[in-house]
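Geometric and topological summary
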Amino acid sequence: MPISIVKRGAAIILSLMFFALGCSKGPSQDERVLAKINNYEMTVSDFRDEVRMTRGNKSLSLEEAKAKEQLLTDLINKKILIQQALKLNFDKDKAFMKEIERYWEQALLKLLFQNKSEELSRSIRVDDADVLRAFAKMKKRLLAQFVVFSDRASAERLSRAGSNFDGVKNSLKGSITEETTAWWVWRDLPEPIEDILFSLRPGQVSSAFAYADNWAVARLLKEEAVETGQFEKMAPEIRGELLRQKKTEALEKWIDAVTKQARVKINQKLLEEIKIE
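What you see is a predicted model; the values in this text were computed from it and never measured.

**Here's the deal with the pairing of strand 3 (residues 140–149)**
- Where burial is concerned, most of strand 3 is hidden: eight out of the ten residues are buried.
- Both strand 3 and strand 6 (residues 214–225) contribute to a ladder of ten bridges, which runs antiparallel. Looking across to strand 6, one finds that F149 is bridged to W215.
- Of the pairings in the sheet, the one linking strand 3 to strand 4 (residues 176–184) comprises eight bridges and is antiparallel in character. Each residue of the ladder has a partner; that of V147, found in strand 4, is E179.

**Some words on the pairing of strand 1 (residues 33–37)**
- Relative to strand 2 (residues 40–43), strand 1 runs antiparallel, the two being bridged by four bridges. By the bridge assignment for strand 2, V33 is matched with T43.

**Considerations on the nonpolar core**
- F146, L197 and F209 are the most contacted members of the largest nonpolar core, which totals 15 residues.
- Going through the elements one at a time, strand 3, helix 8 (191–198), strand 5 (209–211) and strand 6 are the ones with two or more residues in this core.
- The greatest single-element share of this core, amounting to four residues, is contributed by strand 3.
- With residues near it in sequence (within four places) discarded, F209 still touches F146, I193, I196, N214, W215, A216, V217 and A218.
- If you look at the next biggest cluster of nonpolar residues, it comprises ten residues, including V126, M234, A235 and I238.

**As for the packing of aromatic side chains**
- Within the structure shown, the criterion is met by two aromatic pairs.
- Measuring from ring centre to ring centre gives 5.5 Å for F146 and W184, while their planes differ by 85°; the resulting arrangement is edge-to-face. In this pair, F146 sits in strand 3 while W184 sits in strand 4, placing the two residues 38 residues apart along the sequence. The burial state of F146 is the same as that of W184; both residues are buried.

Rules used throughout
Think of each chain on its own: its residues are numbered from 1, step by step along the sequence as written. Thresholds applied to this predicted model are a pLDDT of at least 70 for local features of residues and 80 or more for the giving and counting of side-chain atom pairs; totals over whole chains, interfaces and linings are not thresholded and use all residues. Side-chain calculation: all heavy atoms of the structure are included, whereas hydrogens and water are not. The classification of residues rests on relative accessible area computed with a 1.4 Å probe and restricted to protein chains. Under 20% of the type maximum is buried, over 50% is exposed, and intermediate values are partly exposed. Per the convention used, a helix needs a DSSP run of H or I reaching at least four residues, while a strand needs a run of E reaching at least two, with both numbered from the N terminus. A pair of strands counts as paired when DSSP detects no fewer than two bridges linking them. For our purposes a nonpolar core is just a set of buried Ala, Val, Leu, Ile, Met, Phe, Trp, Tyr and Cys residues, chained together by side-chain atoms within 4.5 Å. Contact between two residues is taken to exist if any of their heavy atoms lie within 4.5 Å; hydrogens are not considered. Side-chain rings of Phe, Tyr and Trp, where Trp is taken by its six-membered ring, are said to pair if the distance between their centres is within 6.5 Å; with planes under 30 degrees apart they count as stacked, over 60 as edge-to-face, and otherwise as tilted.

Right, dumping it as structure tokens:
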């Protein structure tokens, strides 16, 4: 994973977590029968559940009574068509079953991430010192060079190069897997790398540090001030951002631990034979 695309994200983890946390629990059940469609009885709770899922995707009358009639008519028609599909045994179709399996997996992931996120959140705290450090970082933007090596020895050698940085780097180009020079601000990088970069002064080179399966060195080239609001006004927003960051990192660590415990065996030969179209 190259430095050039490491702008903070953890897209898969974040998307799963927001999916889980964004799904609220439904209201209490109301089993009164609103409509009977052949042998199917639609309860008040069924209607409300359907309305929550479809209302935002449909243009409805501004009059509540007409809007409810529109939604109910659509739902009744949908149930009639579903009943027709069942008569034709489409529910036993293999493609249909695969689709159901996907929804089932999503529901399981939703429940898993929701429960684990709530559990982890109870132990996460953001200290005042964390907020102050983040605010200090917000007041800077840094022009920095990252050089990633395939081995530790090369990274350590470059970290000790001093004023001969470029010369040593050129001599080690056979071991370089990635090189990036860009402007960076707070939250652009994973926190461990961010801490390393923001601890440097212009012209300084970091010690070698582990990066994914490689080793890297950072050199700070230039530093500029960034206009920010007053700390008192910014502090709540910073605290909230740090809290989200810590929740995400805690969830990532938990996922990493769970996946590492699993026993996985891959048929590499078969994998090589598969063509992705």
